[in-house]
Amino acid sequence: MKKLLYIDSCIRGELSRTKRIADPIVEKLSSRYEVETLTINDLNLAPVQFDEYSRRKDGIVSDEALCWANKIKNADRIVIAAPFWDMSIPASLKTFFELCSLFGVTFDSDDKTCFGLCKAENLLFITTRGMAIKSGYPLEQATPYIKALAWLWGIKGFEVVARDNFDYLPQEEIEKEIESAIKEGLEIAETF
Ligand SMILES: Cc1cc2nc3c(=O)[nH]c(=O)nc-3n(C[C@H](O)[C@H](O)[C@H](O)COP(=O)(O)O)c2cc1C
């Protein structure tokens, strides 16, 4: 069975509306993929600082970071679920990427530029936003970032399921939006 890596960055855990959308989509994908979940909340991550950087320059990477990098490299598909925080993604998810987006593992370089080494053909990003900011708006800096990272890793396919205005819509409307996002994601899952 092919492998799917689910990076769950829904920091609010069971309170998360993003997670309510992502979980049934991943559940459906589990009929075709062996799913491995990395829950960012459980990883207890510290930002990359000078020591980490220096060790890395000397070719020393923690076993943990190398293990995460290899999971990203070898996954056939990747799903990332994260809320929209400070116009982008939660810092802990950014930290996770800085720790395990590794030269020589997830990407490499020739004498001109970088290129990806990851196996996945497709990455699905699932998110919800507080304000009425749609995917593609200049203020929306999460999707372009995840898309650019997928490019760095060599992943060509990119899908997004996003809903917005969740901090302002009445609960009834939010429930409808969650339902329609799940439906959209389940349709994507058919061919993902
Ligand atoms: C720390 C924090 C930062 C946030 N920053 C933004 C923001 O910059 N723009 C925005 O539209 N919503 C922002 N929000 C609102 C969330 O994007 C929104 O509530 C989202 O639906 C949360 O997803 P969740 O229910 O999966 O946690 C923020 C919420 C939190 C807790």
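Being a predicted model, the structure only gives us computed values, none of them experimental.

Student: When you look at the pairing of strand β3 (residues 77-81) in this model, what are you seeing that I'm missing?
Tutor: A regular strand places its side chains on the two faces of the sheet in alternate fashion. The buried fraction of β3 is high, at five of five residues. Alternating residues of β3 divide into R77, V79 and A81 and I78 and I80, and every residue in both groups is buried. Strand direction decides the pairing type here: strand β1 (residues 2-8) and β3, joined by five bridges, are parallel. Its bridge partner lying in β3, D8 is registered against A81. As paired elements, β3 and strand β6 (residues 122-128) share five bridges and run parallel to each other. Within the sheet, the bridge partner assigned to I80 lies in β6 and is F125.

Student: Please explain the side chain of D8 as it appears in this structure.
Tutor: Mapped onto the elements of the fold, D8 is located in strand β1. You can call D8 buried: its relative accessible area is 5%. Within the structure, the side chain of D8 is placed 2.9 Å from the backbone nitrogen of C10, a separation counted as a polar contact. Those residues in contact with D8 that lie beyond four places of it in its chain are K19, T37, L38, T39, I40 and A81.

Student: Is there a simple way to think about the site of the ligand in this case?
Tutor: Taken together, 15 residues sit near the ligand, with S16, T18, F84, T128 and D167 positioned nearest. Here an oxygen atom of the ligand and a side-chain polar atom of R12 are 2.7 Å apart. One of the backbone nitrogen or oxygen atoms of M87 is found 2.8 Å away from an oxygen atom of the ligand. Of the residues in the shell around the ligand, the class split is six nonpolar, four polar and five charged.

Student: For this particular structure, what's the right way to read the sheet that holds β6?
Tutor: Pairing between sheet strands relies on hydrogen bonds along the backbone, with the strands arranged either parallel or antiparallel. One open sheet holds the five strands; their spatial order is β2-β1-β3-β6-β7, and the pairing between them is parallel. Strands with a single pairing partner mark the edges of an open sheet, and in this sheet they are β2 (33-39) and β7 (157-163). Looking at each pair of strands side by side, their axes are set apart by 15° on average, direction ignored.

Student: Help me out: how do you make sense of the packing of helix α1 (residues 17-29) against helix α7 (residues 171-191) in this one?
Tutor: One way to put it is that α1 packs onto α7 with a least axis distance of 9 Å and a crossing angle of 25°. Classified by the interaxial angle, the pair formed by α1 and α7 is roughly parallel. In this structure, α1 crosses over α7, and the sense of that crossing is right-handed. Here α1 contributes R17, R20, I21, P24, I25, K28 and L29 to the contact with α7, which in turn contributes I174, E175, I178, A181, I182, G185, L186, A189 and E190. Partitioned by chemical class, the residues of the contact of α1 with α7 number ten nonpolar, one polar and five charged.

Student: I keep staring at the state of the cysteines and nothing clicks. Help me out?
Tutor: Disulfide: a covalent bond formed between the sulfur atoms of two cysteine residues. Tallying each qualifying case throughout the model produces zero disulfides. Looking at C10, it has no disulfide partner, and the nearest cysteine sulfur is the one in C100, 17 Å off. Overall, C10 belongs to the buried group, its relative accessible area being 4%. Here C114 is not disulfide-linked; the sulfur of C118 is the nearest cysteine sulfur, at 13 Å. You can call C114 partly exposed: its relative accessible area is 29%.

Student: Can you help me understand the packing of aromatic side chains in this one?
Tutor: The geometry of two aromatic rings is summed up by the distance between their centres and the angle between their planes. Applying the stated criterion across every chain yields a total of six aromatic pairs. The interplanar angle of 55° and the centroid separation of 5.9 Å between the aromatic rings of F96 and F97 together place this pair among those described as tilted. Classification of F96 as buried rests on a relative accessible area of 0%. Residue class for F97 comes out buried when judged on its relative accessible area of 2%. On the basis of an interplanar angle of 80° and a centroid distance of 5.8 Å, the ring pair of F103 and F107 is categorised as edge-to-face. Residue class for F103 comes out exposed when judged on its relative accessible area of 54%. Of the aromatic side chains, those joined through ring pairs into one cluster are W68, F96, F97, Y145 and W153. The ring of F84 is capped by R129, whose NZ or CZ atom sits 5.7 Å from the centre of that ring.

The rules behind each value
Residues numbered from 1 in each chain as written. Predicted model: local features only at pLDDT ≥ 70, side-chain atom pairs only at ≥ 80, totals over all residues. Heavy atoms only, no water. Buried < 20%, exposed > 50% of the residue type's maximum accessible area, 1.4 Å probe, protein only. Helix = DSSP H or I, 4+ residues; strand = E, 2+ residues; numbered from the N terminus. Pairing = 2+ DSSP bridges. Polar contact = N/O pair within 3.5 Å; in protein donor to acceptor, adjacent residues only side chain to side chain. Contact = heavy atoms within 4.5 Å. Near = heavy atom within 4 Å. Nonpolar A, V, L, I, M, F, W, Y, C, P; charged D, E, K, R; others polar. Axes fitted to C-alpha atoms, helices over the stretch in contact; angles between N-to-C directions. Parallel < 35°, antiparallel > 145°, perpendicular 65-115°, else oblique. Left-handed = near helix turned anticlockwise from the far one by under 90°. Disulfide = S-S within 2.5 Å. Phe/Tyr/Trp six-rings, centres within 6.5 Å; stacked < 30°, edge-to-face > 60°. Lys NZ or Arg CZ within 6 Å of the ring centre and 35° of its normal.

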